[in-house]
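Residue-level listing of the chains:
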Amino acid sequence: TVGVVLALAAAVAYGLYLIVGKEFSRRSDPMTAACWVASGAAGSSAIRGAVAGSLEFPSGHLLQIAAYGVATAVAFSLTFAALSRIGCSKTAVVMTLEAVSTVVLAALVLGEPVSVAQACGGLAIVGAAAVIAWSCTAESTADRGEALTR
C-alpha cells in the first residue's frame, strides 16, 4: 500500500508540475523556463549532497556529464514548449511515452533484455496514449462541428 500511495503522490506532484510549468511558460519562453527548472534541480541536488556529505568531483566523467546536461536541457525546453503549445493534458499524454522509449532505447542501444511484463506495460501505455489522443481528437472535431452549426 505504501507503493500505491507513493505512486499516486508522484502522479499528483507531476500534474502540479505541469500546471505550474504551463503558467510559468506563459510568462517566459521555453528555454528560460527550462533554465530556471534546471537551476532549481541542480541547487536542490547540491544541497542534498552537501547535507548527506556525498559531494565528490566527478573526475574522468566530465564529457558524460556535459552530454547529460545537454540532453536534460533539450528535454526541459521541449517539455515547456509543448506545455505552451498543446497544453497540460496533451503534454502529459505525450510524456507517458517517455518510459516506453526509455525501455526500447535501452534494449536497442545497450542490449538490455525486455521482460514480458515490461513489454505488456509498454503496450498498455501506448494503447492508453492512443485512446486518449483519439478521444481528444474526437472532442475537438465535435467542438468544431458544434461551432459551425451556431
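Right above here is the structure, for reference.
Novice: Go over the overall build of the protein chain, please, and point to the residues and values.
Specialist: Across its full length, the protein chain carries five helices and zero strands. Counting from the amino terminus, helix and strand elements in the protein chain follow one another as α-α-α-α-α. For 150 residues, the compact-globule formula gives about 15 Å, and the C-alpha radius of gyration of the protein chain, at 19 Å, lies well above that figure. In terms of its C-alpha atoms, the protein chain occupies a principal-axis envelope of roughly 65 × 45 × 35 Å. Considering the protein chain as a whole, with its 150 residues, one finds that 13% of them fall into the buried category. Within the protein chain, residue pairs in contact and separated by at least 24 positions form 72% of the contacts whose partners lie at least 6 positions apart.

Novice: Would you mind going over the packing of aromatic side chains in detail, with residue names and values included?
Specialist: Under the counting rule described, the total for this entry stands at two aromatic pairs. For the ring pair Y17 and F80, a centre distance of 6.3 Å and an interplane angle of 65 degrees mean the geometry is edge-to-face. Highlighted residues: Y17 in helix α1 (residues 2-27) and F80 in helix α3 (residues 62-86), separated in sequence by 63 residues. Linked through ring pairs, Y14, Y17 and F80 together constitute an aromatic cluster.

Novice: Which residues make up α3, and what are the values?
Specialist: If you check α3, its first and last C-alpha atoms are 36 Å apart, about what 25 residues at 1.5 Å a residue would give, namely 36 Å. Those residues of α3 lying buried are F76, S77, T79, F80, A81 and L83. Once α3 ends, the next one or two residues include G87, with phi positive near 90 degrees.

Novice: Could you give an account of the nonpolar core, with specific residues and numbers?
Specialist: Counting residues in hydrophobic clusters, the biggest one holds six residues: L18, A33, A34, F76, F80 and L83. With three residues, α3 is the largest single contributor of residues to this core.

Novice: Tell me about the packing of α3 against helix α4 (residues 88-110), residues and numbers included.
Specialist: For any two helices packed against each other, one specifies the crossing angle of their axes together with the interaxial distance. Between α3 and α4, the least distance of the axes is 7 Å, while the angle of their chain directions is 140 degrees. In terms of their interaxial angle, α3 and α4 are classed as oblique. Contacts from T79, A82, L83 and I86 of α3 reach α4 at C88, K90, T91 and M95. Its residues assigned to classes, the contact of α3 with α4 comprises five nonpolar, two polar and one charged.

Novice: How would you sum up helix α2 (residues 30-52)? Please name residues and give values.
Specialist: Over its 23 residues, α2 runs 33 Å from end to end, which matches the ideal 33 Å to within 8%, given 1.5 Å per residue. For α2, every residue scored as buried is listed here: A33, A34 and G49. Turning to α2, the residues buried within the fold contact α1 and α3. Once α2 ends, the next one or two residues include G53, with phi positive near 70 degrees.

Each value, and the rule that gives it
- Residues numbered from 1 in each chain as written.
- Predicted model: local features only at pLDDT ≥ 70, side-chain atom pairs only at ≥ 80, totals over all residues.
- Heavy atoms only, no water.
- Helix = DSSP H or I, 4+ residues; strand = E, 2+ residues; numbered from the N terminus.
- Rg over C-alpha atoms; globule rule 2.2 N^0.38 Å.
- Buried < 20%, exposed > 50% of the residue type's maximum accessible area, 1.4 Å probe, protein only.
- Contact = heavy atoms within 4.5 Å.
- Phe/Tyr/Trp six-rings, centres within 6.5 Å; stacked < 30°, edge-to-face > 60°.
- Expected span 1.5 Å × (residues − 1).
- Core = buried A, V, L, I, M, F, W, Y, C linked by side-chain atoms within 4.5 Å.
- Axes fitted to C-alpha atoms, helices over the stretch in contact; angles between N-to-C directions.
- Parallel < 35°, antiparallel > 145°, perpendicular 65-115°, else oblique.
- Nonpolar A, V, L, I, M, F, W, Y, C, P; charged D, E, K, R; others polar.

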